[in-house]
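Coordinate analysis (summary)
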Amino acid sequence: MTSPAPLVDIGANLTHESFAKDVDAVLGRAHAAQVATLILTGTDMAHSEQAAALAHRHDGLYATAGLHPHMASHWDATLESAMRALHTDAKVVAVGECGLDFNRNFSTPAEQERALEAQLGLAVESGLPLFLHERDAGPRMREILRHWRDDIGDAVIHCFTADRETLHGYLDLDVHIGLTGWLCDERRGHHLREIVGDIPAERLMVETDCPYLLPRNLPAKLKGRRHEPALLPWIVREIAHWRGESEATLAAATTATARRFFQLDEEQ
Ligand SMILES: [Zn+2]
């Protein structure tokens, strides 16, 4: 399916091993679907460097650079200075993916908070926006962001899946919201369908989070495959439906928001 208007996929994990063999074909299909602008997610030093390198090889590709909360126990002074250097790369447009994940606690909450606070500091230094991950840690994330709010610039909670109270807590802090295909899942995305209309258009962006989270509203012939940026229009269709607006309107609004948020060049 081709989007009626150009889209920006703000969360594509194209350095994931499942894309190692055919990334050019993946980008070709994304172009054909009007998803020509991608923000590649960096989740640790190696993947952030790979994402930036891939972005340098293709127009329309950009990268984030940060340490995912699952890996927060690895944060140290060496990593911090390497990240600081990478944040000066012209293709790196956000600090992250960083944040809190109290769902699995692969790193301890204390380690996660330490790595997050350090990366909030790097965002202040670099002036870059923040690409944040939060799972089952809404109250603590809001406390931390409230503390930093006057110093950091823009921030997005990517793959938002929480409840209405958490959503409004973030919106009150002037935080942006990234939506994935989570709400295409009738088993667990039901609550999201009722609250997506609460998000102002200028605070909303869309993402695949591929290869994770294959949307469940795909037609039979597309089911069971790897998720990729070319499938973003299916997610936009579902979000537009539950917001009661057209796909074209939602596409144009989220793209304008993403271009402003990540300060992307106009010509791409
Ligand atoms: Zn995430």
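Residues numbered from 1 in each chain as written. Predicted model: local features only at pLDDT ≥ 70, side-chain atom pairs only at ≥ 80, totals over all residues. Heavy atoms only, no water.

In the nomenclature of an unreviewed UniProt entry, the protein chain is known as TatD family hydrolase of Chromohalobacter beijerinckii.

A short note on the overall build of the protein chain
Counting secondary structure elements, the protein chain contains 9 helices and 8 strands. Radius of gyration (C-alpha) of the protein chain: 17 Å, near the 18 Å computed for a compact globule of 268 residues. With the principal axes as the frame, the protein chain shows a C-alpha extent of 45 × 40 × 35 Å. Sequence separation of 24 or more characterises 73% of the internal contacts of the protein chain that already satisfy a separation of 6 or more. Once the 26 positive and 40 negative side-chain charges of the protein chain are each reduced to a mean point, those two points are 6 Å apart. (Helix = DSSP H or I, 4+ residues; strand = E, 2+ residues; numbered from the N terminus. Rg over C-alpha atoms; globule rule 2.2 N^0.38 Å. Contact = heavy atoms within 4.5 Å. Lys, Arg positive; Asp, Glu negative; His and termini not counted. Charge placed at Lys NZ, Arg CZ, Asp CG, Glu CD.)

Observations concerning the coordination of the zinc ion
Surrounding the zinc ion are the protein donor atoms Glu97 (OE), His133 (ND1) and His158 (NE2), at 1.8 to 2.1 Å. Of note, the zinc ion draws all its donor residues from one chain, in the sequence arrangement E-x35-H-x24-H. Taken together, the positions of His133 in strand 5 (residues 130-135) and His158 in strand 6 (residues 155-158) put the pair 25 residues apart, joining distant regions of the chain. No difference in accessibility class separates His133 from His158, as the two residues are buried. (Donors = N, O, S within 2.8 Å, 3.2 Å for Na, K, Ca; no water. Buried < 20%, exposed > 50% of the residue type's maximum accessible area, 1.4 Å probe, protein only.)

What to know about the nonpolar core
Ranked by size, the top nonpolar core spans 74 residues in total, and within it Leu14, Leu130, Leu132, Leu145 and Phe160 carry the most contacts. The dominant element in this core, judged by the number of residues it contributes, is helix 4 (residues 109-126), at 6 residues. Residues Ile39, Tyr62, Val156 and Phe262 belong to the second largest nonpolar core, which totals 13 residues. (Core = buried A, V, L, I, M, F, W, Y, C linked by side-chain atoms within 4.5 Å.)

Quick notes on the side chain of His87
Following the sequence through the fold, His87 ends up in the loop between helix 3 (77-86) and strand 4 (92-101). Among the residues examined, His87 registers a relative accessible area of 7% and is labelled buried. Dropping the residues within four chain positions of it, His87 is found in contact with Ala65, Val92, Val95, Leu122, Ser126 and Leu128.

Some details on the layout of surface pockets
Reported here for the largest pocket is a volume of approximately 520 Å³. Broken down by secondary-structure element, the contributors of at least two residues to the lining of the largest pocket are strand 4 and strand 5. Element by element, the count of residues in the lining of the largest pocket is highest for strand 5, at 3 residues. In terms of residue class, the lining of the largest pocket is made up of 5 nonpolar, 11 polar and 9 charged. (1 Å grid on protein atoms, 1.4 Å probe; cavity = no way out; pocket = protein on both sides within 12 Å on 5 of 7 lines; lining within 4 Å. Points joined across faces, edges and corners; volume = space filled by probe spheres on them. Nonpolar A, V, L, I, M, F, W, Y, C, P; charged D, E, K, R; others polar.)

What about the pairing of strand 4?
Within strand 4, 10 of the 10 residues are buried, which leaves the element mostly enclosed by the surrounding structure. Inspection of the sheet shows strand 3 (residues 61-65) paired to strand 4 by 3 bridges, in the parallel sense. If you follow Ala65 over to strand 4, its bridge partner there is Val95. Both strand 4 and strand 5 contribute to a ladder of 6 bridges, which runs parallel. Looking across to strand 5, one finds that Val95 is bridged to Leu130. (Pairing = 2+ DSSP bridges.)

As for the packing of aromatic side chains
For the coordinates displayed, the defined rule picks out 2 aromatic pairs. Between Phe160 and Tyr170, the aromatic rings sit 6.3 Å apart at their centres with planes inclined by 85 degrees, giving edge-to-face as the arrangement. A residue pair is termed long-range when its members are at least 10 positions apart, and Phe160 in the loop between strand 6 and helix 6 (164-172) and Tyr170 in helix 6 qualify at 10 residues. Taken as a pair, Phe160 and Tyr170 share a single burial class, namely buried. Between Phe261 and Phe262, the aromatic rings sit 4.7 Å apart at their centres with planes inclined by 70 degrees, giving edge-to-face as the arrangement. (Phe/Tyr/Trp six-rings, centres within 6.5 Å; stacked < 30°, edge-to-face > 60°.)

Quick notes on the environment of Asp265
One can find Asp265 in the segment after helix 9 (247-261). Remark: the alpha-carbon pair of Asp265 and Leu145, spanning 120 residues in sequence, is separated by 28 Å. When residues no more than four places from it in sequence are discounted, the contact partners of Asp265 are Tyr62 and Arg259.

Considering the environment of His58
One can find His58 in the loop between helix 2 (45-57) and strand 3. Separated by 31 residues in sequence, His58 and Leu27 place their C-alpha atoms 9.2 Å apart.

Let's talk about helix 3
Those residues of helix 3 not exposed but buried are Leu79, Met83 and Leu86. Summarising the axial view, the buried residues of helix 3 lie within an arc of 60 degrees, below the 170-degree limit, and thus occupy one face. Exposed residues on helix 3 whose side chains face more than 90 degrees from its buried face are Ala77 and Thr78. Check the buried side of helix 3 and you find it contacts helix 2, strand 3, strand 4 and helix 4. For helix 3, the capping residue at the N-terminal end is Asp76, with a side-chain oxygen 3.2 Å from the backbone nitrogen of Thr78. (Arc of directions from axis to C-beta. Polar contact = N/O pair within 3.5 Å; in protein donor to acceptor, adjacent residues only side chain to side chain.)

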